[in-house]
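Here is what each chain is made of, one letter per residue.
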Amino acid sequence: MTQDELKQKVAQAAIEYVVPDTIIGVGTGSTANFFIDELAKIKGQIEGAVASSEATAERLKSHGIPVLDLNSVAEMSVYIDGADEADAGLNLIKGGGGALTREKIVLAVADKFVCIADDSKKVDVLGKFPLPVEVIPMSRSYVAREIVKRFGGEPVLRDGFTTDNGNVILDIHGLEITDPKAMETELNSIVGVVTNGLFANRPADIFLCGTANGVETLT
Ligand code: 5RP
């Protein structure tokens with residue numbers, strides 16, 4: 001099976017977790033896009049969706065799925081999104097598509113986090129995938145120096161990229177993240193950091209992992 005076929009399988013499997021007559025949160029990226037296309041087939045069963053990026057909002061709307069403003073939503077049954085890396089504790093690196101901040105905000109409102117990915121995303125230790133950190137543009141050099149001082153690694157400015165929030169991204173290369181919760185918290189304490197791509201203090205609840213033998217459900 002190709003990687004896209006595995007992504008499609010997990011997207012189909014995720015439909016099981018869509019709770020009828022509720023609002024759901026929808027992530028960003030190629031796997032999330034497969035999920036949106038599946039969601040379109042049952043769009044009459046949900047009240048609407050909150051999007052984690054402008055790109056996701058556009059795709060939801062193109063399918064006629066109502067897109068709601070998070071400020072008007074008090075309850076969300078589930079948040080469904082992809083990931084760049086996942087460890088055995090379902091701690092994640094996200095933000096390869098640059099939507100990490102809105103993803104984390106939408107997730108915060110959801111009761112359950114279902115992560116969908118192909119098995120290439122499973123790792124023993126997080127960090128091979130460069131860790132994205134969204135920063136306020138004027139702080140990027142300061143933040144990069146602080147990162148090197150505190151964690152090592154090599155922060156690289158994502159070239160020509162501006163987030164939906166008007167900020168920039170530093171991708172930290174060369175990390176071996178043995179304590180993702182502590183690192184997530186400490187990175188967020190650096191002045192100028194908006195958020196970082198570690199989803200460890202709120203990891204996934206369920207990981208639908210696409211393998212050659214079918215979809216594995218990890219909890
Ligand atoms: C976007 C993300 C994505 O979930 C992550 O990059 C995975 O993307 P894909 O499904 O295309 O592999 O965090 O900010």
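Being a predicted model, the structure only gives us computed values, none of them experimental. (Residues numbered from 1 in each chain as written. Predicted model: local features only at pLDDT ≥ 70, side-chain atom pairs only at ≥ 80, totals over all residues.)

Undergrad: What should I look at first to understand the overall build of the protein in this one?
TA: Scanning the protein for helices and strands turns up six helices and 13 strands. Computed over its C-alpha atoms, the radius of gyration of the protein comes to 17 Å, within 12% of the 17 Å expected for a compact globule of 219 residues. C-alpha extents for the protein along the principal axes are approximately 50 × 40 × 30 Å. Burial statistics for the protein: of 219 residues in total, 47% are counted as buried. Across the protein, contacts joining residues at least 24 apart in sequence account for 73% of those joining residues at least 6 apart. (Helix = DSSP H or I, 4+ residues; strand = E, 2+ residues; numbered from the N terminus. Rg over C-alpha atoms; globule rule 2.2 N^0.38 Å. Buried ≥ 20, exposed ≤ 12 C-beta atoms within 10 Å, placed from the backbone. Contact = placed C-beta atoms within 7 Å.)

Undergrad: I would appreciate a short explanation of the site of the ligand in the present structure.
TA: Residues in contact with the ligand amount to 17 residues; listed here are only the nearest, Gly29, Thr31, Gly82, Gly96 and Gly97. Within the residue set of the shell around the ligand, elements represented by two or more residues are helix H2 (30-39) and helix H4 (100-109). Classifying every residue of the shell around the ligand gives three nonpolar, 10 polar and four charged. (Near = placed C-beta within 6 Å. Nonpolar A, V, L, I, M, F, W, Y, C, P; charged D, E, K, R; others polar.)

Undergrad: Sorry, what's going on with the sheet that holds strand S7 (residues 131-135) here?
TA: Sheets are built from strands paired through backbone hydrogen bonds, the pairs being either parallel or antiparallel. Taking strand neighbours across the sheet as the criterion, the four strands line up as S8-S9-S7-S10 in an open arrangement whose pairing is antiparallel. Every interior strand has two partners, whereas the edge strands, strand S8 (154-157) and strand S10 (193-196), have only one. Strand-to-strand twist across the sheet, computed as the mean angle between neighbouring axes with direction ignored, equals 30°. By the bridge criterion, five bridges tie S7 to strand S9 (residues 168-173) in an arrangement that is antiparallel. Note that in S9 the partner of Pro132 across the bridge is Asp171. On top of the sheet, H4 reaches S7 and S10; it is set at about 70° to S10, its chief contact. Each of S7 and S10 is contacted by helix H6 (residues 180-188), which is oriented at about 165° to S10, the strand it contacts most. (Pairing = 2+ DSSP bridges. Axes fitted to C-alpha atoms, helices over the stretch in contact; angles between N-to-C directions.)

Undergrad: Quick question: what am I supposed to make of the sheet that holds strand S12 (residues 206-211) here?
TA: Taken in spatial order, the six strands make up an open sheet running S2-S1-S3-S6-S12-S13, and their pairing is mixed. Of all the strands in the sheet, just strand S2 (48-51) and strand S13 (214-218) have a single pairing partner and so form its edges. Going from strand to strand, the sheet's axes swing by 20° on average, the running direction of each strand aside. Summarising the sheet, strand S6 (residues 113-118) and S12 pair through five bridges and their orientation is parallel. Note that in S12 the partner of Ala117 across the bridge is Cys209. Where helix H1 (residues 3-14) meets the sheet, it contacts strand S3 (78-81), S6, S12 and S13, and its direction lies at approximately 160° from that of S6. Packed onto the sheet, helix H3 (residues 54-62) meets strand S1 (23-26) and S2 and runs at close to 155° relative to S2.

Undergrad: Can you walk me through the UniProt feature "active site" (unreviewed entry) in the protein in this structure?
TA: Using the residue numbers shown here, the UniProt feature "active site" (unreviewed entry) corresponds to Glu103. In this structure, Glu103 sits in helix H4. Apart from residues no more than four positions distant in its own chain, Glu103 is found in contact with Gly27, Thr28, Ser52, Asp81 and Lys94. (UniProt positions renumbered as here; feature names shortened; annotations may be inferred.)

Undergrad: Would you mind going over the confidence of the model for the protein with me for this structure?
TA: Low pLDDT means the predicted atomic positions in that stretch should not be read closely. The pLDDT averaged across the protein works out to 98; a share of 100% of its residues lies at or above 70. In the model output, the complex is listed with pTM 0.97 alongside ipTM 0.98. (pLDDT = per-residue confidence, 0-100.)

Undergrad: Help me out: how do you make sense of the pairing of S3 in this one?
TA: Remember that side chains alternate between the two faces of the sheet whenever the strand is regular. Side-chain alternation along S3 places Val78 and Ile80 on one buried face and Tyr79 and Asp81 on a second face that is also buried. Sheet topology note: the S3/S6 ladder contains three bridges and is parallel. Paired with Tyr79 across the bridge in S6 is Phe113.

Undergrad: Whenever I open this one, the environment of Leu175 confuses me. Can you help?
TA: In this fold, Leu175 is placed in the loop between S9 and H6. Overall, Leu175 belongs to the buried group, with 20 C-beta atoms counted inside 10 Å. On a C-alpha basis, the gap between Leu175 and Arg102 in space is 24 Å, while along the polypeptide they are 73 residues apart. For Leu175, the residues in contact, after removing those within four places along its chain, are Gly127, Leu131, Phe151 and Gly153.

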